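Close look at the chain arrangement
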Amino acid sequence: MKKTSLVEIKDLFIEYYTNKGILCGKTIIHAVNGVSLDIFKGEILAIAGESGCGKSTLAKAIIQLEPAKSGKILFEGKNTFILNKSELKDFRRHVQMVFQNPYASLNPKMKIFNILKEPLEINSDFSKEKIESTIKEKIRLVGLDESCLELFPHEFSGGQRQRIAIARALMLNPEFILADEPVSALDVSIQAQVINLLKELKEKYNLTIVLITHDMSVIKYLADRVVIMYLGEIVEAGNTNEIFKTPLHPYTKALLSSVPQINNQGKKIILKGDLPSPANLPAGCKFHTRCPYVMEKCKECVPEEKGISHRVKCFLYE
Ligand code: SF4
């Protein structure tokens, strides 16, 4: 069955400047470098990679929180970079975000009822009764009791707060949710509950979810497809089972080898050095400074991406 794209990212480049001080001037950070990607309706797509790989910047660009230098992002076929005011308001109703830290993402001075009411007051013309019934429906949906609506965020555990944050994201019946490290700030014992909740909601409402995470175990359990990023580029992408069973790119192999529950061969691949600065990208294959299989041509030439359903960018597969 042909999948329908909800989001189409075309040759996206994102740069930003950091001020390194009066004497050094400004430095350009090349955060996203030529990313093209389709996100299909109803899938959970995970974007993974080390901190600094560009995954969060890419995700924020999708929901219009990060401007691009060039390229396009289409949402349901519409270029999100040229939306007018009313189209932008409509777009914001369709896309919502669940943040990493449920401790910081809920206003500590507001009762839960008011936190959940806010998006409806701003973005809908619902009556008072309809607002109240929607709030009760969503709080039950995330497994909490209506009695919690009169409490403040500090009266809940981390897992409960993340459930409230998910309820808030669902208030406007979005089609698309960006979940940025949604369980990494939670106790391990609670992580599974929140992961299961996201999975249930995705199935029940045919939600499209982009999951940003460095946790390969979460990806294995939750994601339909996975994209591996390195220095702002996609180096491998495909069906989650396929990538976990047969990783091709040396960087993906190293990432998976570091997770004991996933690593079948039991041999951990230790990469040389640290991630190079995105302000000073290496020539050729950007992974060549750390790759255990590096060849001479990798230092000068950029490998082309191969494959359609399972994409990989490495000279070993030419
Ligand atoms: Fe390693 Fe070369 Fe492949 Fe890059 S192109 S990942 S350096 S083998």
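What comes next is a walk through the structure.

Conventions used here
- Residues numbered from 1 in each chain as written.
- Predicted model: local features only at pLDDT ≥ 70, side-chain atom pairs only at ≥ 80, totals over all residues.
- Heavy atoms only, no water.
- Salt bridge = Lys/Arg side-chain N within 4 Å of Asp/Glu carboxyl O.
- Helix = DSSP H or I, 4+ residues; strand = E, 2+ residues; numbered from the N terminus.
- Buried < 20%, exposed > 50% of the residue type's maximum accessible area, 1.4 Å probe, protein only.
- 1 Å grid on protein atoms, 1.4 Å probe; cavity = no way out; pocket = protein on both sides within 12 Å on 5 of 7 lines; lining within 4 Å.
- Points joined across faces, edges and corners; volume = space filled by probe spheres on them.
- Contact = heavy atoms within 4.5 Å.
- Pairing = 2+ DSSP bridges.
- Axes fitted to C-alpha atoms, helices over the stretch in contact; angles between N-to-C directions.

1. As for the pattern of salt bridges
Under the definition given, this model contains 17 salt bridges. A salt bridge links Arg 290 to Glu 50; the nearest nitrogen and oxygen atoms lie 3.1 Å apart. Within this pair, whereas Arg 290 is found in the loop between α10 (250–257) and β11 (305–306), its partner Glu 50 is found in the loop between β3 (44–48) and α1 (55–62), the two being separated by 240 residues in sequence. Arg 290 gets classed as buried once you look at its relative accessible area, which sits at 5%. Between Lys 111 and Glu 150 there is a salt bridge, with its nearest N and O atoms 3.2 Å apart.

2. Some thoughts on empty space enclosed by the protein
In total, this model carries 2 cavities of 30 Å³ or more according to the counting rule given. Within this model, the largest cavity holds a volume of roughly 90 Å³. Every residue lining the largest cavity is counted, 14 residues in all, and those nearest its centre are Cys 285, Cys 291, Cys 298, Cys 314 and Phe 315. Roughly 60 Å³ of volume is contained in the second largest cavity. The wall of the second largest cavity is formed by Tyr 230, Glu 233, Val 235, His 249, Cys 285, Lys 286, Phe 287, Pro 303 and Lys 313.

3. So, unusual backbone geometry
One non-glycine residue with positive phi stands out, namely Gln 64, at about 70°. Topologically, Gln 64 is positioned in the loop between α1 and β4 (70–75). In this structure, Glu 76 is a non-glycine residue whose phi angle is positive, near 50°. Tracing the backbone shows Glu 76 in the loop between β4 and β5 (78–79). Residue classification places Glu 76 among the partly exposed residues on the basis of a relative accessible area of 40%.

4. Focus: the side chain of Thr 134
Here Thr 134 is to be found in helix α5 (residues 128–141). The class for Thr 134 is buried, based on a relative accessible area of 6%. Once you skip the residues sitting within four places of it in the chain, Thr 134 turns out to touch Leu 120, Phe 126 and Met 171.

5. Quick look at the sheet that holds β4
The antiparallel open sheet is built from 4 strands, whose spatial order is β2-β1-β4-β5. Whereas interior strands pair on both sides, the edge strands pair on one side only; in this sheet they are β2 (26–40) and β5. With 5 bridges joining them, strand β1 (residues 5–19) and β4 adopt antiparallel strand pairing. Counterpart to Phe 13 in the pairing with β4 is Ser 70. Contacts between α1 and the sheet are confined to β1, β2 and β4, with β1 contributing the most and set at about 120° to the helix.

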